[in-house]
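One letter stands for each residue in the lines below.
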Amino acid sequence: MPTQPDRVDLNLLRVFDAVLEDQNLARAGKRLNLSQSAISHALSRLREALGEQLFVRTSKGMEPTARALAIATPLREALRKI
């Protein structure tokens, strides 16, 4: 069962933004000073909270889903305002 959106950890949104930009877990982790494993776990928690897959692993890296692309701009704007 998805978590209420008002209960999502803001750090998970920072991870989302970094993975969206880098499309690579290791690079996103380096940027946020987190391990690749921590980034992967954070994405799992975010997927569980939102009830949707946000990235798909491909040979080129982490490809954002249509849902990830749809929420990317509003989330980035919200993060910058915070």
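Above this text you will find the structure in question.
Position numbers for residues count from 1 along each chain, tracking the sequence in the order it is written. Reporting in this predicted model follows two pLDDT cut-offs: at least 70 for local features of residues, and 80 or more for side-chain atom pairs to be given and counted; totals over whole chains, interfaces and linings ignore these cut-offs and use all residues. With hydrogens and water set aside, each side-chain value is computed from the structure's full complement of heavy atoms.

Caption draft 1: Broad picture of helix H3 (residues 36-50). By the criteria applied, helices consist of DSSP H or I runs no shorter than four residues and strands consist of E runs no shorter than two, each listed in order from the N terminus. Here the expected span of a helix is defined as 1.5 Å times the quantity of residues minus one. With 15 residues, H3 extends 21 Å from end C-alpha to end C-alpha; this agrees with the ideal 21 Å at 1.5 Å per step. Partly exposed describes any residue whose relative accessible area lies between the buried limit of under 20% and the exposed limit of over 50%, with all areas from a 1.4 Å probe on protein chains only and scaled to the type maximum. Looking at H3, one finds that the buried residues are Ile39, Ala42, Leu43, Leu46 and Ala49. Along the axis of H3, the buried positions cluster into a sector of 125 degrees, meaning they face one direction only. In this fold, the buried residues of H3 make contact with helix H1 (10-22), helix H2 (25-32) and strand S1 (55-58). One or two steps after H3, the chain reaches Gly51, where phi turns positive at roughly 75 degrees. An arc is given here, and it is the one of the directions from the helix axis to the C-beta atoms. Any two residues whose heavy atoms approach within 4.5 Å at even a single point are treated as in contact.

Caption draft 2: Structural context of the environment of Arg76. Within the secondary structure layout, Arg76 lies in helix H4 (residues 66-81). Residue classification places Arg76 among the partly exposed positions, given a relative accessible area of 23%. In sequence terms Arg76 and Phe16 are 60 residues apart; their C-alpha atoms lie 9.5 Å from each other. Discounting residues that sit within four places of it in the chain, Arg76 has contacts with Asp17, Leu20 and Glu21.

Note that every value here comes from positions in space, so none of it alone points to a role or purpose.
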